[in-house]
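Notes for the structure review
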Amino acid sequence: MKRLNIDLADRSYEILVGRGLLEKAGEWVQAIVKPSRVVIITHPSINLLYGEKLSSGFSRQDIPTRILEVPEGETSKSLEQAEKIYDHLLEWKCDRQTVLVALGGGVIGDLTGFIAGTYMRGVPFIQIPTTLLAQVDSSVGGKTAVNRPLGKNMIGVFYQPKLVVADLETLKSLPEKEYKAGIAEIIKHGVIEDAQLFEFLERQFQNILAHDTEALEHIIATSCAIKASVVEKDERESHYRMVLNFGHTIGHAIEALTGYSKYTHGEAVAIGMVYAAKLSQLTGRCSQDVTQRITDLIKNFGLPTQLPDLKAKDMIQSMYLDKKTAHKKIRFILVKDIGSIEIVDHVEETIIQEALQG
Ligand code: NAD
Ligand code: GLY
């Protein structure tokens, strides 16, 4: 097992990455927070696969444990769903020492974190991510949110978990499409901060696609370390944390304009990274070689690299709604070299248009 630390003063916590960790989570949670009780929030299908394994560890610590199921899908990240859970917690007389445990992907993690950050003005919560995307990205860093019809992730709080437990065993049941969505975020981490990780992905893509244990543990732990170091520098995204959004400005526009159904978030980000690289090249920031390596790596992992049939003008319109947009200027995260990135506050619409058509 690899143990990483995210250093955020009194909000610091550990990220544990390894195999067979679900059963032991009860022990670690008991040592860190001494809960009066635990409420595990998960989807029915995840409960069936891993609920018993996880809750038996809490029972062994004599911690009263309940499991709350929410339906799968992005629509569960809603205030309506949060209200239902608040009511259950109140009915069960959950106090401030109640620990909420998110068992699932980013949907469960974001929803549970939001509830933990707001129920009784904050109760402790634990992230037990079961998708690759959640293990390398959403479970670390304390961004929590629910959606509104006019915008995704628009209602939320920064609220850090007390512990992250990434059990690689859970990835065995993950559909391949979801696995690849997580790979996209790992590629992103290589591009923004770590040329060695990027080169490792270039060399090892076949092993990673075959779920090789050692390669997987290495890229998950390295990704978590990169994310942790970015969050340590700028927890509340006042500036530097925006680098984590490489590929997301265009990716979010693709997701929004295709109704959040054609692509997984990771696939949209994969296409977004290719076009962000093209834009970087067009604005003289990176060489053709950098764009080519990013495109080739994404292709090698079987992720999409081409924009669907969308109008550049509609995409630009959608980008104005991005949370990073400031003073009506579309902000881009552009690449200078593999492992080196720049936050660019404004790019002319004509150049964005050219990149999207290129
Ligand atoms: P998800 O949570 O919807 O999970 C994808 C699917 O995989 C679901 O159907 C889920 O039930 C299933 N699943 C989960 N674990 C499984 C397993 N081990 N075996 C089989 N099936 C499993 O999607 P996601 O990609 O994990 O997360 C996407 C969400 O994360 C979005 O809402 C996005 O906004 C959010 N996000 C948040 C952050 C952050 O920093 N907070 C970062 C990135 C993404
Ligand atoms: N996924 C972007 C962030 O955590 O800031």
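Remember, predicted model here, so these are calculated numbers, not experimental data. Residues take numbers from 1 onward in each chain, read along the sequence in its written order. Chains and ligands are labelled by the order in which they are written, letters from A for the one and numbers from 1 for the other. Given that this is a predicted model, residues contribute local features only at a pLDDT of at least 70 and side-chain atom pairs are listed and counted only at 80 or more, while totals for whole chains, interfaces and linings are drawn from all residues. Side-chain measures here rest on the full set of heavy atoms in the structure, leaving out hydrogens and waters.

Below, the discussion takes up the site of ligand 2. We call a residue near a molecule or strand as soon as one heavy atom of that residue lies within 4 Å of the molecule or strand. Around ligand 2, the neighbouring residues are Asp 137, Lys 143, Lys 227, Glu 237, Arg 241 and Leu 244. A distance of 2.9 Å separates an oxygen atom of ligand 2 from a polar atom in the side chain of Lys 143. Exposure was quantified through the Shrake-Rupley algorithm and a 1.4 Å probe, taking into account, for residues, occlusion by the shown protein chains and nothing else. Alone, ligand 2 offers 190 Å² of accessible surface; in the complex the protein occludes 88% of this. Gly counts as polar in this scheme, as do all residues outside two lists: the nonpolar Ala, Val, Leu, Ile, Met, Phe, Trp, Tyr, Cys and Pro, and the charged Asp, Glu, Lys and Arg. Residue composition of the shell around ligand 2, by class: one nonpolar, no polar and five charged. Polar contact criterion, stated in full: a pair of N or O atoms within 3.5 Å, where within protein one must be able to donate a hydrogen and the other to accept it, and residues adjacent in sequence count only if both atoms are side-chain atoms.

Between helix 9 (residues 248-257) and helix 12 (residues 312-319), the shortest axis-to-axis distance is 9 Å and the interhelical angle comes to 110°. When the interaxial angle is binned, helix 9 and helix 12 end up roughly perpendicular. On helix 12, the residues touching Thr 249, Ile 250, Ala 253, Ile 254, Ala 256 and Leu 257 of helix 9 are Asp 314, Met 315, Ser 318 and Met 319. Geometry is summarised by axes, namely lines fitted to C-alpha atoms with helices restricted to the contacting stretch, and by angles between N-to-C directions that run from 0 to 180 degrees. Helical segments are the DSSP runs of H or I of at least four residues, strand segments are the runs of E of at least two, and each set is numbered from the N terminus. Working rule for angles: under 35 degrees goes down as roughly parallel, over 145 as roughly antiparallel, 65 to 115 as roughly perpendicular, anything else as oblique. Note on contacts: a residue pair qualifies if any of its non-hydrogen atoms lie within 4.5 Å across the two residues.

Let us look at the packing of aromatic side chains. Planes of paired rings set the category: under 30 degrees apart is stacked, over 60 is edge-to-face and the rest tilted, where pairs are Phe, Tyr or Trp rings (Trp by its six-membered ring) whose centres lie within 6.5 Å. Within the structure shown, the criterion is met by two aromatic pairs. Aromatic pair Phe 125 and Tyr 159: ring centres 6.0 Å apart, planes at 15°, arrangement stacked. Of this pair, Phe 125 sits in strand 6 (residues 125-129) while Tyr 159 sits in the loop between strand 8 (151-155) and strand 9 (163-167), placing them 34 residues apart in sequence. Judged by centre distance (6.2 Å) and plane angle (75°), the rings of Phe 205 and Phe 301 are edge-to-face. Note that Phe 205 is positioned in helix 7 (residues 195-209) and Phe 301 in the loop between helix 11 (288-300) and helix 12, a separation of 96 residues in sequence. You'll find Phe 205 and Phe 301 in the same group, each marked buried. Partly exposed residues are those whose accessible area sits between 20% and 50% of the maximum for their type, while under 20% is buried and over 50% is exposed, using a 1.4 Å probe and protein chains only.

Next up on the list: the pattern of salt bridges. What counts as a salt bridge is simple: a side-chain nitrogen of Lys or Arg found within 4 Å of a carboxyl oxygen of Asp or Glu. Within the structure shown, the criterion is met by 19 salt bridges. Two residues, Asp 10 and Arg 11, come together in a salt bridge whose shortest N-O distance is 3.0 Å. The class for Arg 11 is partly exposed, based on a relative accessible area of 37%. Notably, a salt bridge pairs Lys 77 with Asp 110, separated by 2.9 Å at the nearest N-O pair. Of this pair, Lys 77 sits in the loop between strand 4 (65-69) and helix 3 (79-91) while Asp 110 sits in helix 4 (residues 106-118); the two residues are 33 residues apart in sequence, bridging distant segments of the chain. Overall, Lys 77 belongs to the buried group, its relative accessible area being 4%. Taking the relative accessible area as the measure of exposure, Asp 110 reaches 11% and is therefore buried. Each of Glu 74, Lys 77, Asp 110 and Lys 152 takes part in salt bridges that share partners, so that together they form one network.

That's the geometry; what it means functionally is another story.
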